[in-house]
Amino acid sequence: GLALNCEIPLFSKFDRKNYFYPDLPKGYQISQYDKPFAINGSILLSNKKTIQIRRVHMEEDTGKLIHEANATLIDFNRSGVPLVEIVTEPDFNSTQDVVEYLKKLQQIVRYLDVSNADMEKGDMRLEPNISLRRHPERSEGSRDSSATPQNDIPGYKVEVKNINSFRFVEKAITFEINRQAEILDKGETPTQQTRGWDSKKQKTVSQRSKEEAHDYRYFPEPDIPPIRWTGNQIAKIKDQIGELPDEKQERFQKEFDLSSYDAEILTREKDMANYFEEAVRVGSNQNVSAKRIANWIINKKADIETVLPAEL
């Protein structure tokens, strides 16, 4: 939460979210409803656009549904495993903004060393919510999927669940924009529902109707006490975060006189950034410039696992 520029309330609690679905055999999910761990954060994109983060909360994972032929299989191995869900405001103007935001989020999580955020292994899953509204300044037949004030968002939304790649999330959003636009052009309203991405057919498919918050009958989780923080505890946690990607990139540009492009590449991964700094420290004894070392690492694609900084 602190790494995402959030406010950390000094009181939070867990709740039970009640619903019936095959991936949740006990009929409820431990989650956080009205008192999450973190609220009101933000991530800044390269185009200086701010993506607001509404909340960061913890909950338990459900089973994994596997759709094969005419059957649906359920893998319960990840059931009950804690996960973090991060919810944004409707601030996106384009699929490019979505993908950049998600990549930044993955990068921050990896810098914090709280998860590998490996999408192939299900460590990070992407779930866009898409809805369209007519733009008042455009022609009657046009739609607009750009960011809009919360009090002006459409009366429906479609959530595409469990996407496991940046490329697929971009395709799913584009598909949904076109699908919903066709429905709206007929004078109809798209059904509020949860859909999945079928990578073979390159389309979204309906999974189930989407409930409203009151349908889940939330109530406080009786087996987990509320969590109370002190200001000192929050300050100590903040001190442990260390330098995050954007800060490191800015410092590399100033300290080592690097271009924004080179600094961005060198700070994509924490191990690479640390490797570069160690190589610069070693190279300074031999009058080798940081710029030359950066060029070598980037252009020669140095194998940081096998080649020591001193051997560059």
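The notes below deal with the structure included here. (Residues numbered from 1 in each chain as written. Predicted model: local features only at pLDDT ≥ 70, side-chain atom pairs only at ≥ 80, totals over all residues. Heavy atoms only, no water.)

Details of the sheet that holds strand β4 (residues 38-44)
Taking strand neighbours across the sheet as the criterion, the three strands line up as β4-β5-β8 in an open arrangement whose pairing is antiparallel. Each edge of the sheet is formed by a strand with only one pairing partner; in this case those strands are β4 and β8 (82-88). Across the sheet, the axes of successive neighbouring strands diverge by a mean angle of 35°, strand direction being ignored. The pairing of strand β5 (residues 50-60) with β8 spans seven bridges and is antiparallel. By the bridge assignment for β8, V56 is matched with I86. Packing against the sheet, helix α1 (residues 95-112) makes contact with β4, β5 and β8, and its axis sits at approximately 110° to β4. (Pairing = 2+ DSSP bridges. Helix = DSSP H or I, 4+ residues; strand = E, 2+ residues; numbered from the N terminus. Axes fitted to C-alpha atoms, helices over the stretch in contact; angles between N-to-C directions. Contact = heavy atoms within 4.5 Å.)

Some details on the sheet that holds strand β10 (residues 158-161)
Spatially, the four strands line up as an open sheet ordered β9-β10-β11-β12, and their pairing is mixed. Edge positions in the open sheet fall to β9 (129-130) and β12 (203-209), since each of these has one partner strand only. Across six bridges, strand β11 (residues 193-198) lies against β12 in antiparallel orientation. Note that in β12 the partner of W197 across the bridge is T204. Strands in contact with helix α2 (residues 166-185) are β9, β10, β11 and β12; relative to β11, the strand with the most contacts, it is inclined by about 125°.

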